[in-house]
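Residue-level listing of the chains:
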Amino acid sequence: MSNSRIGVLVMSYGTPQSMDDVETYYTHIRRGHPPTQEQLDELRGRYEAIVGGVFPLRANTDQQVASLQDKLEQVAPNQYVCYQGLKHAKPYIEDGVAQMAADGIKQAISIVLAPHYSIMSVGGYNKRAQEKAAELGITMASVESYHLHPELVAALAERVQDGLKRLANTAEQERGASSNVRTKVLFSAHSLPEKIREMNDPYERQLLETSAAVAEAAGVADWQFTWQSAGRTREPWLGPDVLETLKALREEGYEAALVAPIGFVSDHLEVLYDLDIEAKAFTRELDMALERIAMLNSDPRYMATLADAVVEAAGKLVQ
């Protein structure tokens with residue numbers, strides 16, 4: 001039976017649903033090559049450090065998909081139905097598209113829970129979705145980026161302002177200092193291999209555009225951009241890494257930093273471990289205060305951003 005509603009494939013990186021799934025998940029990331037026991041133990045240790053073996057990370061993504069469905073129902077009742085597709089965990093991107101086909105969906109939109117486009121990230125997600133859609137006879141349009149949407153910028157700016165207030169309070173409690181603690185706002189995102197610069201990839205430019213827009217909206221003059229969570233491969237990745245940046249800031253006399261990981265939209269490993277555990281431990285050694293902004297997760301303004309992007313993309317479909 002044909003379904004006249006437009007399918008919305010909401011894609012993200014994916015996370016294992018339980019500790020038992022970590023090895024399968026890691027093997028998929030490694031393109032079918034199982035990790036060594038040392039690598040597996042390290043990844044499991046990171047998950048255990050942030051959530052004690054319980055996995056609310058997947059629930060965050062599930063809630064984002066449900067919240068987007070609710071928002072789309074508000075702006076366009078009975079026109080859209082959301083599906084989930086994950087890069088490295090079930091349901092995989094192809095599974096989401098297959099479910100659309102099984103439900104009789106003929107037209108669809110693909111969108112990634114990442115505001116900034118790179119051919120190596122968002123481009124790869126959309127390519128997988130479009131290839132499966134073509135195979136199953138579904139017409140699909142894809143959202144590439146939404147990094148300067150006013151609602152997104154406003155939500156992030158408010159978080160930066162809140163984070164700076166928390167940082168000032170922390171510094172005052174720990175140091176008995178006044179609000180004149182020298183502080184830097186660090187915008188960050190997941191690093192990618194340096195070769196994207198040779199490809200004229202827009203990823204870095206879009207991240208800097210978002211950083212500048214959010215800083216302006218938040219009234220922040222003292223900020224810079226840094227990278228985090230680079231892969232462990234032989235090829236060079238974009239830097240400097242956030243830890244290198246924090247060390248350099250301390251040497252310049254900064255006493256505090258607020259990290260705003262604008263390349264991420266929910267609480268997951270690169271935020272809860274790389275920043276909240278690893279970076280915080282590092283700054284304690286430097287005698288430096290560190291906070292990070294709250295993640296967007298299912299913030300209504302982020303849902304409005306996604307809904308607007310979906311509706312705009314739907315205009316490209318042949319009715």
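Residues numbered from 1 in each chain as written. Predicted model: local features only at pLDDT ≥ 70, side-chain atom pairs only at ≥ 80, totals over all residues. Heavy atoms only, no water.

Quick notes on the environment of Gln-107
Of note, Gln-107 is situated in strand β3 (residues 107-112). For Gln-107, a relative accessible area of 18% corresponds to the buried category. A sequence separation of 102 residues divides Gln-107 from Arg-5, and the C-alpha atoms of the two residues are 7.7 Å apart. (Helix = DSSP H or I, 4+ residues; strand = E, 2+ residues; numbered from the N terminus. Buried < 20%, exposed > 50% of the residue type's maximum accessible area, 1.4 Å probe, protein only.)

What to know about the packing of aromatic side chains
All told, the structure shown has four aromatic pairs when counted by the stated rule. Relative to Tyr-302, the ring of Tyr-146 has its centre 6.2 Å away and its plane inclined at 45°; by these criteria the two rings are tilted. Note that Tyr-146 is positioned in the loop between β4 (139-142) and α6 (150-175) and Tyr-302 in helix α11 (residues 300-314), a separation of 156 residues in sequence. Measuring from centroid to centroid gives 5.4 Å for Phe-187 and Trp-223, while their planes differ by 80°, and the two rings are edge-to-face. Placement of Phe-187 in strand β5 (residues 183-190) and of Trp-223 in strand β6 (residues 223-228) is noted, with a sequence separation of 36 residues between them. A relative accessible area of 26% means that Trp-223 is categorised as partly exposed. Among the aromatic side chains, those forming a connected cluster through ring pairs are Tyr-203, Phe-225 and Trp-227. It is Arg-182 that lies over the ring of Tyr-254; its NZ or CZ is 4.0 Å from the centre. (Phe/Tyr/Trp six-rings, centres within 6.5 Å; stacked < 30°, edge-to-face > 60°. Lys NZ or Arg CZ within 6 Å of the ring centre and 35° of its normal.)

Focus: the nonpolar core
Ranked by internal contacts, the top residues of the largest apolar core, which has 54 residues, are Val-8, Leu-68, Ile-109, Ile-111, Val-160, Phe-187 and Tyr-302. Tallying contributions element by element places α11 first for this core, with eight residues. Dropping the residues within four chain positions of it, Val-160 is found in contact with Val-185, Phe-187, Val-214, Ala-218, Val-220, Leu-258, Ala-260 and Ile-293. (Core = buried A, V, L, I, M, F, W, Y, C linked by side-chain atoms within 4.5 Å. Contact = heavy atoms within 4.5 Å.)

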